[in-house]
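Coordinate inspection notes
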Amino acid sequence: MVYRFQFSPYSRPFKQPLKTHHGIWEKREGIILQLTDKQGKKGDGEIAPLSWFGSETLGQALEFCQQLPQTLTLEDIIEIPDNFPACQFGFESALEENSEFLSKLKFSGLLPSGNAALPVFPTLFQQGFRTFKWKIAVHPISEELQLFQQLTELILTTINSETDKTEWVNLRLDANGGLSWEEANKWLSVCDEIKSDILKIEYLEQPLSIEQFDEMLALSRQYLTSIALDESVATLSQIRDCYQRGWRGIFVIKPAIVGSPRKLRKLCRENQIDAVFSSVFETAVGRRAALNLAAELSHPKRAVGFGVEHW
Ligand SMILES: O=C(O)CCC(=O)c1ccccc1C(=O)O
Ligand SMILES: [Mg+2]
């Protein structure tokens, strides 16, 4: 099989910039590519690197596309090296068909960090979201703990004032590796104290930095609240590595930067991986391909982190 290859870079500002422990992120830059086979059948793919998570940079992805010939074989695509995970995803997903299970997915709503979460929560709740994600380690911990108290109270009053009884709300906290050991322990004890039938802290995501794997493993054994790895498992080789080192908690998988969809399927089928699929704020092209994989591979009880439209 041979394909004609075309690509074009894009840059789009977010409606609302994303504030995380890594700083403020204001625009998404990436590459849309198209592969056309001999019969004229076209497939689109998106390369949406996230270099602060360890993927190739946009510049490296662009250079990679520029040095390719205009005609590619299937082998050329399958052999894209593992240090270009966002390119592997972009090229392979241009060749994939849509999954029939897309409509089964549950979505998590992304709350803005800090006190901006409070006015946004009721809106997302009304739209039907029952799983929410809130970024922490953005403001001082004393402030965030106080806001957390207010947010959980708001969630409980919102549920209780409903006529149709909601059975549950899940809240995910994402620290983006920004907590100290003491702060992580504090957050986990506060989360463990929430003993409600309807509000559950689903997990604390990436409390510590990638280097602190053993500490996160210890935390996962010490508290009732689950821990999810994100930055630590950005690529397939990192997932394999953490699994081998004993991680049986949650793995946040960002298909657009994790690498080859083919290899991801194999890894998920051969191991018991509790996966939560998540966006990297890709455009509709990458989102479709990432959600296809999520529909196929994620656990039905886990909402996918493709919360709100960012454009
Ligand atoms: O879209 C969502 O709902 C969550 C996505 C998200 O949190 C995220 C988006 C881009 C980069 C990093 C992260 C993260 O999980 O840390
Ligand atoms: Mg995260």
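Please read these numbers as outputs of a predicted model, since none were measured by experiment.

Re helix α8 (residues 236–244)
Three or four residues apart is the spacing at which side chains of an α-helix point the same way, because the helix has 3.6 residues per turn. L236, I239, C242 and Y243 are the residues of α8 that are buried. All buried residues of α8 fall inside an arc of 130° around its axis, so they share one side. Each element contacted by the buried residues of α8 is listed here: α7 (213–222), β9 (227–229), β10 (250–253), α9 (255–258) and α10 (261–270). Once α8 finishes, G246 follows within two positions and takes phi at roughly 105°, a positive value.

Comments concerning the coordination of the magnesium ion (ligand 2)
Coordination sphere of the magnesium ion (ligand 2), protein contribution only: D174 (OD), E205 (OE) and D230 (OD), at 2.0 to 2.3 Å. Counting along the primary sequence, the residues that act as donors to the magnesium ion (ligand 2) give the motif D-x30-E-x24-D. Of the two residues, D174 is situated in strand β7 (residues 169–174) and E205 in strand β8 (residues 199–205); the sequence distance between them amounts to 31 residues.

Structural notes on the environment of G114
Among the secondary structure elements, G114 is positioned in the loop between β5 (108–111) and α4 (117–126). In the structure, G114 is positioned 28 residues away from S142 in sequence and 12 Å away in space, judged by C-alpha atoms. Discounting residues that sit within four places of it in the chain, G114 has contacts with W134, K135, H139 and L147.

Here's the deal with unusual backbone geometry
A positive phi angle, near 40°, is found at Q206, a position not held by glycine. Classification of Q206 by relative accessible area gives buried; the value is 1%. You will see that F281, though not glycine, has its phi angle at about 55°, which is positive. By the element assignment, F281 lies in the loop between β11 (274–277) and α11 (284–297).

Topic: the UniProt feature "active site" (unreviewed entry) in the protein
Cross-referencing UniProt, the feature "active site" (unreviewed entry) maps to K135 and K254 in the present numbering. Mapping K135 onto the fold places it in strand β6 (residues 131–135). Here K135 falls in the buried class, since its relative accessible area comes to 8%. A polar contact of 2.7 Å, which involves the side chain of K135, links it to the side chain of D174. Inspection of the secondary structure assignment puts K254 in the loop between β10 and α9. Residues in contact with K254, not counting those within four places in the same chain, are F53, D230, S278, S279 and V280.

Parameters at a glance
- Residues numbered from 1 in each chain as written.
- Chains lettered and ligands numbered in written order.
- Predicted model: local features only at pLDDT ≥ 70, side-chain atom pairs only at ≥ 80, totals over all residues.
- Heavy atoms only, no water.
- Buried < 20%, exposed > 50% of the residue type's maximum accessible area, 1.4 Å probe, protein only.
- Helix = DSSP H or I, 4+ residues; strand = E, 2+ residues; numbered from the N terminus.
- Arc of directions from axis to C-beta.
- Contact = heavy atoms within 4.5 Å.
- Donors = N, O, S within 2.8 Å, 3.2 Å for Na, K, Ca; no water.
- UniProt positions renumbered as here; feature names shortened; annotations may be inferred.
- Polar contact = N/O pair within 3.5 Å; in protein donor to acceptor, adjacent residues only side chain to side chain.

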